[in-house]
Amino acid sequence: MTFLLAPPAVFPAPLRQPTKTLREKGADSFHAVLAGVLAAGLEDALEAGDHPRAISFINRGFAEGSPQLGCDLLCRAISVVGTARTWTVQLAPLRSR
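Since the model is a prediction, treat every value here as computed from it, not as a measurement.

Chemist: Kindly report on the pattern of salt bridges, identifying the contributing residues and their values.
Modeler: For the structure on display, the rule yields 3 salt bridges. In this structure, the salt-bridge partner of R76 is E43, at a minimum N-O distance of 2.5 Å. Taken together, the positions of R76 in helix 3 (residues 67-81) and E43 in helix 1 (residues 22-48) put the pair 33 residues apart, joining distant regions of the chain. Among the residues examined, R76 registers a relative accessible area of 36% and is labelled partly exposed. Judged by relative accessible area, which is 25%, E43 ranks as partly exposed. We note a salt bridge from E64 to R60, for which the minimum N-O separation is 3.0 Å. Of this pair, E64 and R60 both sit in helix 2 (residues 51-65), 4 residues apart, which is roughly one turn of the helix.

Chemist: Outline the environment of G61, supporting the account with residue identities and numerical values.
Modeler: Counting through the fold element by element, G61 comes out in helix 2. Judged by its relative accessible area of 0%, G61 is buried. In sequence terms G61 and C71 are 10 residues apart; their C-alpha atoms lie 8.0 Å from each other. With sequence-adjacent residues up to four places away left out, G61 is seen in contact with L38, S66, L69, G70 and L73.

Chemist: Tell me about the nonpolar core, residues and numbers included.
Modeler: Counting 13 residues, the largest nonpolar core has L38, L42, I58 and L73 as its most contacted members. Elements represented by at least two residues in this core include exactly helix 1, helix 2 and helix 3. Here this core gets 5 residues from one element, more than from any other, and that element is helix 1. Beyond its immediate stretch of four places on either side in the chain, L73 contacts L38, A39, L42, F57, I58 and G61.

Chemist: Can you explain the environment of A77? Please cite residues and give values.
Modeler: Among the secondary structure elements, A77 is positioned in helix 3. Once the C-alpha coordinates of A77 and L42 are considered, the two residues, 35 residues apart in sequence, prove to be 7.7 Å apart.

Chemist: How would you sum up helix 3? Please name residues and give values.
Modeler: Helical periodicity: at 3.6 residues per turn, an α-helix aligns residues three or four positions apart in one direction. Here helix 3 spans 21 Å end to end across 15 residues, near enough to the 21 Å set by a 1.5 Å rise per residue. Those residues of helix 3 that fall on the buried side of the exposure criterion are L69, G70, L73, L74 and A77. Summarising the axial view, the buried residues of helix 3 lie within an arc of 130°, below the 170-degree limit, and thus occupy one face. What points out from helix 3, more than 90 degrees from its buried face, is the exposed set P67, Q68, C75 and S79. Residues of helix 3 that are buried in the fold lie against helix 1 and helix 2. Of the residues trailing helix 3, G82 is marked for its positive phi of about 105°.

Criteria and cut-off values
Residues numbered from 1 in each chain as written. Predicted model: local features only at pLDDT ≥ 70, side-chain atom pairs only at ≥ 80, totals over all residues. Heavy atoms only, no water. Salt bridge = Lys/Arg side-chain N within 4 Å of Asp/Glu carboxyl O. Helix = DSSP H or I, 4+ residues; strand = E, 2+ residues; numbered from the N terminus. Buried < 20%, exposed > 50% of the residue type's maximum accessible area, 1.4 Å probe, protein only. Contact = heavy atoms within 4.5 Å. Core = buried A, V, L, I, M, F, W, Y, C linked by side-chain atoms within 4.5 Å. Expected span 1.5 Å × (residues − 1). Arc of directions from axis to C-beta.

Structure below.
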């Protein structure tokens, strides 16, 4: 008589993401709030047809947020107004982290 042992039910531990520091958590919260405020302001400016104000919100997205936030805001403006409008935005300088 032969007994077969089942393979051990040992599963590798899932890879843990490094925990964020309080500063990193704060930065994430700040950027989330900033994105919400800028998106709401952009929507108001676009509804009012105030393109200079819309561009101001887009520029703030690039300068105070991130390149991704600025691009998201710019894409939203283009989708509302269309590509026929010329958008002049100011990209924030690269900063080292």
